[in-house]
Amino acid sequence: MNKIELIAPCHFGLEAVLKREIIDLGYDIAEVEDGRVTFYGDEDAICRANIFLRTAERILVKAGSFKAVTFEELFDKTKNLPWERYIPKNGKFWVAKAASVKSKLFSTSDIQSIMKKAMVRRLQEYYGIEWFPEDGASYPVRVFLMKDIVTVGIDTSGVSLHKRGYREVSGKAPITETLAAALIKLTPWKKDRVFVDPFCGSGTFPIEAAMMAANIAPGMNRSFTAEEWTNLIPKKMWYDVINEANDLIKDDIDVDIQGYDIDGSVIKIARRNAREAGVDHLIHFQERDVRNLSHPKKYGFIVTNPPYGERLEDKKDLPELYRAFGESFAGLDSWSAYMITSYEDAQRYFGRKADKNRKIYNGMLKTYFYQFMGPKPPRKPREEQ
């Protein structure tokens, strides 16, 4: 096994959640930066990280990092990277995405073009050929420049890891699967506690909670770019990790996970998505207004993404909606509520100040994750030894 440095991008503000996931998976952390966690692994780690990590956006093999302030320097230092270690003679390779922040090199199209030329030159010299057929497996490169430091990674995932394979259709204002999973992990919810999303839309929060409760790996029902990298990762390694994931599933469990929405058409979508995810038997979906939110049990959890008025004409309905939400929550005995929203008056109309709030970027949208915490349940007595 070779020691490989891997980069896992994530939502800004949720790096600590991803770091804990990676440590729990058994890998050592190299560095935590804004929006990404770098860690050490081997070929097996590429498979396991893609299949098991719930909060990473993708997994990149770190090809190298260097400082560059001119395009000549970018070309030379890109050419010095050991591309032949990853890309075979017939590999298809290109710079799929470049991003630049506070760097002298800011034209992303020029960065992509120059780096591709440098890669070609290096591989021409190594393989002793002038022309590459590029009819083999894909090796897309992603590069990020921050204050003139260039970080280069080869994308092992392909389609972003938030695409679990269960959500073909989304409701209004969908939240991504990776963000939903990370927000659930920020709460102390466990599978023996009630979980309710009163604005469930296409069902992402309840589905992600049910997958966690049943220990279903998020990447089991999709494919990855690196599955074709047979020069680096034997096919059997992917099969072994899928078998490992299958062995860990415990979906014959008793849970109380519920999703409500006032729109009956999205409830149908939520049920279909849950069925695709294999957790429809673990979730109760129902068409229900937030005004009718109630539950007889104590110490339950609400985790939700309520509407926040993306369009100006929608904003007029928000005060009443958040007020109704707050009143329903106040009627629940010892519950906690967690909501992500960009609505600036959320706390005011909800009727109480959040115990905690965390700034999180949902794409380019700045949102807040408000936590309204109820009393903790009494500790269960320790079983006699």
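Our subject is the structure listed above.
Before going into details, it helps to say that this report is about the structure given with it.

Cut-offs used in this document
Here, residues in each chain are numbered from 1, in the same order as that chain's written sequence. Reporting in this predicted model follows two pLDDT cut-offs: at least 70 for local features of residues, and 80 or more for side-chain atom pairs to be given and counted; totals over whole chains, interfaces and linings ignore these cut-offs and use all residues. Excluded from the side-chain calculation are hydrogens and water; included are all heavy atoms of the structure. Pairs of strands are assigned from DSSP output, requiring at least two bridges between the strands. We count a stretch as a helix when DSSP gives it H or I for four or more residues in a row; a strand needs E for two or more, and each element gets its number in order from the N terminus. We call a set of buried Ala, Val, Leu, Ile, Met, Phe, Trp, Tyr and Cys residues a nonpolar core when their side-chain atoms join them within 4.5 Å. In this scheme, a residue with accessible area under 20% of its type's maximum is buried, one over 50% is exposed, and one in between is partly exposed, where area comes from a 1.4 Å probe on protein chains only. Contacts between residues were defined by any pair of non-hydrogen atoms, one from each residue, lying within 4.5 Å. The length a helix should cover is 1.5 Å for every residue beyond the first. Two aromatic rings, drawn from Phe, Tyr or Trp (for Trp, its six-membered ring), form a pair once their centres lie within 6.5 Å of each other, and the interplanar angle then sorts them: stacked below 30 degrees, edge-to-face above 60, tilted otherwise. For a Lys NZ or an Arg CZ to count as sitting over a ring, it must be within 6 Å of the ring centre and within 35 degrees of the ring normal. Inter-axis angles, ranging from 0 to 180 degrees, are taken between N-to-C directions of lines fitted to C-alpha atoms, where helices are fitted over the stretch in contact. A residue counts toward a patch only above 30% relative accessible area and without a salt bridge, and it is joined to like-charged neighbours within 9 Å or, for Val, Leu, Ile, Met, Phe, Trp and Tyr, to nonpolar neighbours within 5 Å. Here the Shrake-Rupley method, with its probe set to 1.4 Å, supplies the accessible areas, and only the displayed protein chains count as covering residues. Within this document, salt bridges are pairs made up of a side-chain nitrogen of Lys or Arg and a carboxyl oxygen of Asp or Glu, the two lying within 4 Å of each other. Positive charges are assigned to Lys and Arg, negative charges to Asp and Glu, while His and the chain termini are left out of the count. For the purpose of locating charges, the reference atoms are NZ of Lys, CZ of Arg, CG of Asp and CD of Glu. Clockwise travel from the first strand over the helix to the second, with the strands pointing away from the viewer, marks a crossover as right-handed.

**A short note on the pairing of strand S2 (residues 28-33)**
In regular strands, side chains alternate between the two faces of the sheet. Pairing analysis gives five bridges linking S2 to strand S3 (residues 36-41), with the strands arranged antiparallel. Note on S3: the bridge partner recorded for Val 32 is Val 37.

**Overview of the nonpolar core**
Counting 99 residues, the largest nonpolar core has Trp 83, Val 152 and Val 279 as the members making the most contacts within it. Discounting residues that sit within four places of it in the chain, Val 279 has contacts with Ile 207, Ala 210, Met 211, Ile 216 and Ala 274. With 24 residues, the next largest nonpolar core counts Tyr 260, Phe 325, Trp 335 and Met 339 among its residues.

**Thoughts on helix H9 (residues 318-330)**
Spanning 13 residues, H9 covers 18 Å between terminal C-alpha atoms, matching the ideal 18 Å at 1.5 Å per step. Looking at the buried side of H9, the elements it contacts are strand S11 (301-304), strand S12 (336-341), helix H10 (346-350) and strand S14 (365-372).

**Some details on the packing of aromatic side chains**
One pass over the structure, following the stated rule, counts 16 aromatic pairs. On the basis of an interplanar angle of 35° and a centroid distance of 6.4 Å, the ring pair of Tyr 370 and Phe 372 is categorised as tilted. By way of ring pairs, the aromatic residues Phe 199, Phe 325, Phe 329, Phe 350, Tyr 368, Tyr 370 and Phe 372 are connected into one cluster. Stacked on the ring of Trp 94, the Lys or Arg Lys 92 has its end atom at 5.4 Å from the ring centre. A cation over an aromatic ring shows up here: Arg 288 above the ring of Tyr 260, its NZ or CZ 4.2 Å from the ring centre.

**Observations regarding the sheet that holds S2**
The sheet built from seven strands is open, its strands ordered S2-S3-S1-S4-S7-S6-S5 with mixed pairing. On the outer flanks of this sheet lie S2 and strand S5 (92-101), each paired with one strand and no other. Neighbour to neighbour, the strand axes of the sheet diverge by 30° on average, direction disregarded. Bridge count between strand S1 (residues 4-9) and S3: six bridges; the pairing is antiparallel. The residue bridging Pro 9 from the neighbouring strand is Arg 36, located in S3. Each of S5, strand S6 (138-146) and strand S7 (149-155) touches helix H4 (residues 108-127); the most contacted strand, S5, lies at about 140° to it.

**A look at a positive patch on the surface**
A contiguous patch of positive charge, built from Lys 356, Arg 358, Lys 376 and Arg 379, is present on the exposed surface. The residue Arg 358 is located in strand S13 (residues 356-362) in this model.

**A word on the sheet that holds S14**
Here seven strands make up an open sheet; going across it, the order is S10-S9-S8-S11-S12-S14-S13 and the pairing mixed. In this open sheet, the two strands that pair with only one neighbour each are strand S10 (283-287) and S13. Pairs of neighbouring strands in the sheet enclose a mean axial angle of 20°, with direction left out of account. Where S12 lies against S14, five bridges are found, and the strand directions are antiparallel. Counted as the bridge partner of Met 339 is Tyr 370 from S14. Packing of helix H5 (residues 177-185) onto the sheet brings it into contact with strand S8 (195-197), S11, S12, S13 and S14, and relative to S13 it is tilted by some 165°.

**A look at the pattern of salt bridges**
Scanning all chains against the criterion turns up 20 salt bridges. Its salt-bridge partner being Asp 155, residue Arg 58 comes within 2.6 Å of it at the nearest N-O pair. Taken together, the positions of Arg 58 in the loop between helix H2 (43-52) and strand S4 (60-67) and Asp 155 in strand S7 put the pair 97 residues apart, joining distant regions of the chain. Taken individually, Arg 58 and Asp 155 each receive the classification buried, so the pair is uniform in this respect. In this structure, Glu 84 engages Arg 122 in a salt bridge whose closest nitrogen and oxygen atoms are separated by 2.9 Å.

**What about the pairing of strand S9 (residues 257-261)?**
A large share of S9 lies buried, amounting to five of its five residues. Residues Ile 257, Gly 259 and Asp 261 point to one face of S9 and Gln 258 and Tyr 260 to the other, with burial holding for every one of them. Pairing of S8 with S9 involves three bridges; the strand directions are parallel. In the strand pairing of S9, Phe 195 is matched with Ile 257. Of the pairings in the sheet, the one linking S9 to S10 comprises five bridges and is parallel in character. Paired with Gln 258 across the bridge in S10 is His 284. Between S9 and its parallel partner S10, the chain crosses via helix H8 (residues 264-277), and the hand of that crossover is right-handed.

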